[in-house]
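Reading the structure
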Amino acid sequence: AFSRARLQDHNVFAALCEMEEAEIPVSRALIESVSTQIGFTPGRIKNARFILTNGTEGTAITTASLNVIMAALGGRGDTEGSFETFALFEQYGVEPNADTYAYMLESLATYRTGEQNKGEEDSSPEDVSRHMTVAREVMKEARNSGISASGEILHQYLRTLCAAGLLEETVEALKEAVERN
């Protein structure tokens, strides 16, 4: 509730920081609840990122805090912002988790199906190819980080494939996932 008031975003990030310091798991549901409020406008997302990167008192850059930004951007289909925020993980020495990769894929899937593509009858083959190359790279990086392609990561990858109209590849990816599990 306290994330609804813009002046309280720093308190949300401070609470997430305290949870991680106390080794209390930060659920995906909590991250998405906070990101829904922060993602209401692009300006609020920008402000939240500013709060984190400028060391506002009580806040710290953690996996959960960056995932809040990633989820807000992913829900808006802001692929550029998602990948810029992902770069902060490495810049600040923070370890991404499965949700991080899922939010990156969500930004691609949401972009392909969202408002950003309205007015375009069909995406160019080059655009589809570029997005799918990026999606495959995200999956590869997740696997290289020791994160399996299951759960939400798989869901968002399949959404991206479907949004790109690659139904045969979607079926193959799903078959492979079923065979692995």
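Before any of the text, the structure's been laid out above.
Criteria and cut-off values
- Residues numbered from 1 in each chain as written.
- Predicted model: local features only at pLDDT ≥ 70, side-chain atom pairs only at ≥ 80, totals over all residues.
- Heavy atoms only, no water.
- Helix = DSSP H or I, 4+ residues; strand = E, 2+ residues; numbered from the N terminus.
- Expected span 1.5 Å × (residues − 1).
- Buried < 20%, exposed > 50% of the residue type's maximum accessible area, 1.4 Å probe, protein only.
- Arc of directions from axis to C-beta.
- Polar contact = N/O pair within 3.5 Å; in protein donor to acceptor, adjacent residues only side chain to side chain.
- Phe/Tyr/Trp six-rings, centres within 6.5 Å; stacked < 30°, edge-to-face > 60°.

On to helix H5 (residues 79–91), then. Taking 1.5 Å as the rise per residue, H5 with 13 residues should run 18 Å; its terminal C-alpha atoms sit 19 Å apart, in good agreement. All buried positions along H5 are accounted for by Thr79, Gly81, Ser82, Thr85, Phe86, Leu88 and Phe89. Within H5, the buried residues cover an arc of 165 degrees as seen down the axis, which keeps them to one side. Exposed residues on H5 whose side chains face more than 90 degrees from its buried face are Glu80, Glu90 and Gln91. For H5, the capping residue at the N-terminal end is aspartate 78, with a side-chain oxygen 3.4 Å from the backbone nitrogen of glutamate 80.

On to the packing of aromatic side chains. Considering all chains together, one arrives at two aromatic pairs under this definition. Between phenylalanine 86 and tyrosine 101, the ring centres sit 5.6 Å apart and the planes meet at 55 degrees, which makes this aromatic pair tilted. Here the residue phenylalanine 86 occupies a position in helix H5, and tyrosine 101 occupies one in helix H6 (residues 98–113), the gap between them amounting to 15 residues. Among the residues examined, tyrosine 101 registers a relative accessible area of 1% and is labelled buried.

Any functional reading would require information that these geometric values do not contain.
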